[in-house]
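# Descriptive structure summary
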2 protein chains.
Amino acid sequence: MPEGKILLAHGSGGKLSHDLVSDILLPRFSNPFLEPLDDSARITNQEGPLAFTTDSYVINPLFFPGGDIGKLAVCGTVNDLSMVGAVPSCLSLSLIIEEGFSIELLERILSSARDAAEEASIRIVTGDTKVVEHGAADQLFITTSGIGWIRKGVHLSGVNARPGDTVLVSGFLGDHEIAVLSQREGFGFQGELKSDCAPLNGLVGRMLEACPTLRCLRDPTRGGLATSLNEIASRSRVGIVLEEAQIPVRESVLGTCELLGLDPLYLANEGKLIAICPPQEAERVLEAMRAHPSGKHAEIIGRVTEENPKRVTLQTLIGGHRVVDMLTGTQYPRIC
Amino acid sequence: MPEGKILLAHGSGGKLSHDLVSDILLPRFSNPFLEPLDDSARITNQEGPLAFTTDSYVINPLFFPGGDIGKLAVCGTVNDLSMVGAVPSCLSLSLIIEEGFSIELLERILSSARDAAEEASIRIVTGDTKVVEHGAADQLFITTSGIGWIRKGVHLSGVNARPGDTVLVSGFLGDHEIAVLSQREGFGFQGELKSDCAPLNGLVGRMLEACPTLRCLRDPTRGGLATSLNEIASRSRVGIVLEEAQIPVRESVLGTCELLGLDPLYLANEGKLIAICPPQEAERVLEAMRAHPSGKHAEIIGRVTEENPKRVTLQTLIGGHRVVDMLTGTQYPRIC
């Protein structure tokens, strides 16, 4: 690690985050429930397969077009449970508040968390509140954890992708990160572009009804599509080829990316998922996705290959190929 | 709420924390799993009664005599599960790290979390890491959540205390808060006094074997013995009378309290529990507690009464009576 200090990039979801997990966390906490490193842990015992997950939210600003930290904290954890095929059941909500924070804003954020929980049919059943001195935290951090029971017969995991499989995405990429950046840096896209922040459990339910043999689901948050697919390629020891022409990105997001030198494949999303399924199921899965409001812009974007294991490549619009690596460094901090 | 701002006292565990929960949180998230407000939520469905809890740790300093934030974050959540009669099973661990934090210190803290998890026979199965800019957080905050299956036939809750019941405590009160304050403010007691930070699941197991009809367990953390007993008195609609002479407090802790004008009944503990049991079981419970290393200084400290419902009173050493209210304001912030 450079100079023995934590860098912003250690929290980016990219390469350094990955190193932190594999060099510092995994060697200490190694156990069979932790090791698959899916979006939720899968706890199997006589009481049935239970999914368990946690995320801290440190987004800045707290309010952004399309949501706020309360909605985000609920949706993010609901989505992590959904990605392992669980029906989200209960959430915990833990607040770290800076002294002097507005109670009115806190109430707005908690109402928004409640509304998101209702939309996702999940209950907030336990919580905690800590207050730290002015200056010891930036306004408000929220940590949510969630549990849910995994549907019988479903086994989604990043290790399951097989050569020949189809890769799908549920809609436009990058809306969340660009909406947050616009709000924070004052790029002036407010109103035009909203974060995609939304619970995905409804969409996942439809997809699993249509195709119980889905191999893998991921919500490409920090590090974006590129990082999620690199993780899958690496853990399934397969290659993944994407077709740039098929990847849905809004014009306004593309424009901002060009302006700022960002790559949409690395942008964070908070209401999108990647699915990998057997090729013969792809059309059925796509249809189920498009029939749901959260998946109406779904597309087939690529396929899993035996060649180039552990590598993601992009067939570009102009007919070339380029390797799409994990995010290295950080695009922007605190976008979730 | 004064001036519409969050105050440090909103995080103290005392009266303002209580108001924050009842005025702002409960009206929004009201549901039957949340409402008992025990240390863990009890989730009952066909998969069996599951306990689920969460806590954020913002302690300052990160290292203190007898422990550090890593050990604390594991023990605190293990203890919250234990207080509802659950066998702790799995933990999540979520880190919010300030940019520039030492990786070596992070490694020490995580090793300490691992050791505590091993001592408590619990596995850390999922986690998250966020990094915020220098100055946006004070070094490191940890949020742990935990799940555990509740022992069959056990129903511990703050609503269960009945007139005639006996109140016990597992040992010396206040060690944690005074050890942390000494370290932080440089009172110079370091080495003499250590935090009691420890997992209590072993002790609870022994107590429930000895007395499966235990009414209620609480770990008196923020707000101390006084606040925990006020919560029980209020929720069970009973009075509680304590005998000052029986309450175990170390000389060094008493001395510091006198010096600083603190009341030991309000000091935070991280390895102690309060038990309420039927009077005919009290000796058996006491014996089971004293037979365990975490309970060897256990004492019977009071009884539950029909008189003075929702009130805790203290029979003082000099023969008087005084009402022991909930903590109002904060003794010191960030002791857990």
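Procedures and definitions
- Residues numbered from 1 in each chain as written.
- Chains lettered and ligands numbered in written order.
- Predicted model: local features only at pLDDT ≥ 70, side-chain atom pairs only at ≥ 80, totals over all residues.
- Heavy atoms only, no water.
- pLDDT = per-residue confidence, 0-100.
- Contact = heavy atoms within 4.5 Å.
- Buried area = accessible area lost by both parts, 1.4 Å probe.
- Salt bridge = Lys/Arg side-chain N within 4 Å of Asp/Glu carboxyl O.
- Polar contact = N/O pair within 3.5 Å; in protein donor to acceptor, adjacent residues only side chain to side chain.
- Helix = DSSP H or I, 4+ residues; strand = E, 2+ residues; numbered from the N terminus.
- Nonpolar A, V, L, I, M, F, W, Y, C, P; charged D, E, K, R; others polar.
- Least-squares fit on C-alpha atoms with pLDDT ≥ 70 in both.
- Pairing = 2+ DSSP bridges.
- Axes fitted to C-alpha atoms, helices over the stretch in contact; angles between N-to-C directions.
- Domains from an automatic or database assignment.
- Parallel < 35°, antiparallel > 145°, perpendicular 65-115°, else oblique.
- Left-handed = near helix turned anticlockwise from the far one by under 90°.
- Buried < 20%, exposed > 50% of the residue type's maximum accessible area, 1.4 Å probe, protein only.
- Expected span 1.5 Å × (residues − 1).

## Let's talk about the confidence of the model for chain A
- Scored by pLDDT, chain A comes out at a mean of 93, with 97% of its residues at no less than 70.
- If you check the scores for this complex, the pTM reads 0.95 and the ipTM reads 0.95.

## A word on the interface of chain A and chain B
- Counting residues at the interface gives 73 residues for chain A and 74 residues for chain B.
- Carbon and sulfur atoms make up 68% of the surface buried where chain A meets chain B, a total of about 6,700 Å² over both sides.
- For the chain A face of the interface with chain B, the top three residues by lost area are A:Ile6, A:Arg28 and A:Ile103, together amounting to 11%.
- At the boundary of chain A and chain B, one finds 8 salt bridges.
- The closest approach of N and O atoms between B:Arg334 and A:Glu133, which form a salt bridge, is 3.0 Å.
- Remark: the boundary between chain A and chain B carries 28 residue pairs in polar contact (both at pLDDT 80 or more).
- Those elements that provide at least two residues to the side of chain A that touches chain B are α1 (15-29), β1 (41-43), β2 (50-57), β5 (86-98), α3 (103-119), β6 (123-132) and β7 (140-150) of chain A.
- In terms of residue count, the dominant contributor to the side of chain A that touches chain B is β6(A) (10 residues).
- Within the side of chain A that touches chain B, the residues separate by chemical class into 36 nonpolar, 21 polar and 16 charged.

## Quick word on the relation of the copies chain A and chain B
- For the match of chain A to chain B, the screw axis carries a shift of 0.0 Å, the RMSD comes to 0.0 Å, and the turn is 180 degrees. One copy is carried onto the other by what is essentially a two-fold rotation axis. Considering only C-alpha atoms, the residue of chain A closest to the rotation axis is A:Ala137, which sits at 2.1 Å.
- The residues that chain A uses at the interface reappear at the interface of chain B in 100% of cases, marking a shared surface.

## A short note on the sheet that holds strand β9 (residues 216-218) of chain A
Residues and elements named next belong to chain A.
- Within the open sheet, the 7 strands sit side by side as β9-β11-β8-β12-β10-β13-β14. Their pairing is mixed. In this open sheet, the two strands that pair with only one neighbour each are β9 and β14 (321-323). Pairs of neighbouring strands in the sheet enclose a mean axial angle of 25 degrees, with direction left out of account.
- Bridge analysis of strand β13 (residues 312-315) against β14 gives 3 bridges, and the strand direction is antiparallel. Bridging from a neighbouring strand, Thr 313 pairs with Val 323 of β14.

## Here's the deal with the sheet that holds strand β5 (residues 86-98) of chain B
Residues and elements named next belong to chain B.
- Pairing within the open sheet is mixed, and its 5 strands lie in the order β1-β2-β7-β5-β6. Both edges of this open sheet fall to β1 (41-43) and β6 (123-132), since each of them pairs with a single strand only. Here the average twist between neighbouring strands, direction ignored, is 20 degrees.
- Relative to β6, β5 runs parallel, the two being bridged by 9 bridges. In the sheet register, Glu 98 faces β6, and the bridge partner there is Val 132.

## A few points about the domain arrangement of chain A
Residues and elements named next belong to chain A.
- Along its sequence, chain A is organised into domain 1 (8-150) and domain 2 (166-323).
- Domain 1 puts 28 residues into the contact, and the matching count from domain 2 is 26 residues.
- Buried surface at the junction of domain 1 and domain 2, both sides included, amounts to about 2,200 Å², of which 57% is carbon and sulfur.
- Contact with domain 2 buries surface across domain 1, with Pro 65, Asn 79 and Met 83 losing the most and accounting together for 27% of the total.
- Across the domain 1-domain 2 interface, the total number found is 3 salt bridges.

## Structural notes on the pattern of salt bridges
- Counted under the stated rule, the structure contains 40 salt bridges over all chains.
- With a shortest N-O distance of 3.3 Å, B:Arg322 and B:Asp263 are connected by a salt bridge. Within this pair, whereas B:Arg322 is found in strand β14 (residues 321-323), its partner B:Asp263 is found in the loop between α7 (251-260) and β11 (274-277), the two being separated by 59 residues in sequence.
- Salt bridges sharing common partners tie together A:Asp38, A:Asp39, A:Arg42, A:Arg218, A:Glu231 and A:Arg235.

## Looking at the packing of helix α5 (residues 201-210) of chain B against helix α8 (residues 282-290) of chain B
All names here are of chain B.
- Where α5 contacts α8, the axes come no closer than 9 Å and their chain directions differ by 150 degrees. It follows from the interaxial angle that α5 and α8 lie roughly antiparallel. Crossing handedness for the pair α5 and α8: right-handed. On α8, the residues touching Leu 203, Arg 206, Met 207 and Ala 210 of α5 are Arg 284, Val 285, Ala 288 and Met 289.
- Here the residues of the contact of α5 with α8 sort into 6 nonpolar, no polar and 2 charged.

## Quick look at the pairing of strand β2 (residues 50-57) of chain B
Residues and elements named next belong to chain B.
- By the criterion of burial, β2 is predominantly enclosed, with 8 of the 8 residues buried.
- With 3 bridges connecting them, β1 and β2 associate as antiparallel partners. Bridged to Ile 43 within β2 is Leu 50.
- Sheet analysis places β2 next to strand β7 (residues 140-150), joined by 8 bridges and oriented antiparallel. Among the inter-strand pairings, Phe 52 is bridged to a residue of β7, identified as Ile 147.

## Some points on the side chain of A:Asp39
- Residue placement: A:Asp39 occurs in the loop between α1 and β1.
- Excluding residues that lie within four positions of it along the chain, A:Asp39 makes contacts with A:Thr53, A:Asp80, A:Met83, A:Val84, A:Leu217, A:Arg218 and A:Asp219.

## Quick look at helix α4 (residues 175-185) of chain B
Residue and element names in this part refer to chain B.
- Taken across its 11 residues, α4 has 8 buried, putting it largely inside the fold.
- Of all the positions in α4, only Asp 175, His 176, Glu 177, Ile 178, Ala 179, Val 180, Leu 181 and Ser 182 are classed as buried.
- Structurally, α4 contributes buried residues whose contacts are with β3 (63-64), α2 (69-82) and α7.
- Phi for Gly 186, located one or two positions after α4, is positive at around 65 degrees.

## Regarding the environment of B:Asn269
Residues and elements named next belong to chain B.
- Tracing the chain through its elements places Asn 269 in the loop between α7 and β11.
- Judged by its relative accessible area of 1%, Asn 269 falls in the buried class.
- Asn 269 has contacts with Phe 172, Leu 173, Gly 174, Asp 175, His 176, Asp 196, Pro 220, Thr 221 and Gly 224, leaving out every residue within four places of it along the chain.
- Of note is the side chain of Asn 269, whose polar atom sits 2.8 Å from the backbone oxygen of Pro 220.

## Focus on unusual backbone geometry
- Geometrically, the link from A:Asn60 to A:Pro61 is a cis peptide bond, its omega value of 5 degrees lying close to zero.
- Position of A:Pro61 among the secondary structure elements: in the loop between β2 and β3 (63-64).
- Unusually for a residue other than glycine, B:Ser121 sits at a positive phi of about 55 degrees.
- Its location among the elements puts B:Ser121 in the loop between α3 (103-119) and β6.
- Accessibility expressed as a relative area gives 61% for B:Ser121, which makes it exposed.

## Some points on α3(A)
Residues and elements named next belong to chain A.
- An ideal rise of 1.5 Å per residue puts 24 Å on 17 residues; α3 measures up with 24 Å between its terminal C-alpha atoms.
- Of the residues making up α3, those classed as buried are Ile 103, Leu 106, Ile 109, Leu 110, Ser 111, Ser 112, Ala 113, Ala 116 and Ala 117.
- Backbone nitrogen of Glu 104 and a side-chain oxygen of the N-cap are separated by 3.2 Å at the start of α3; the cap is Ser 102.
- With its phi angle positive at about 55 degrees, Ser 121 sits one or two positions after the end of α3.

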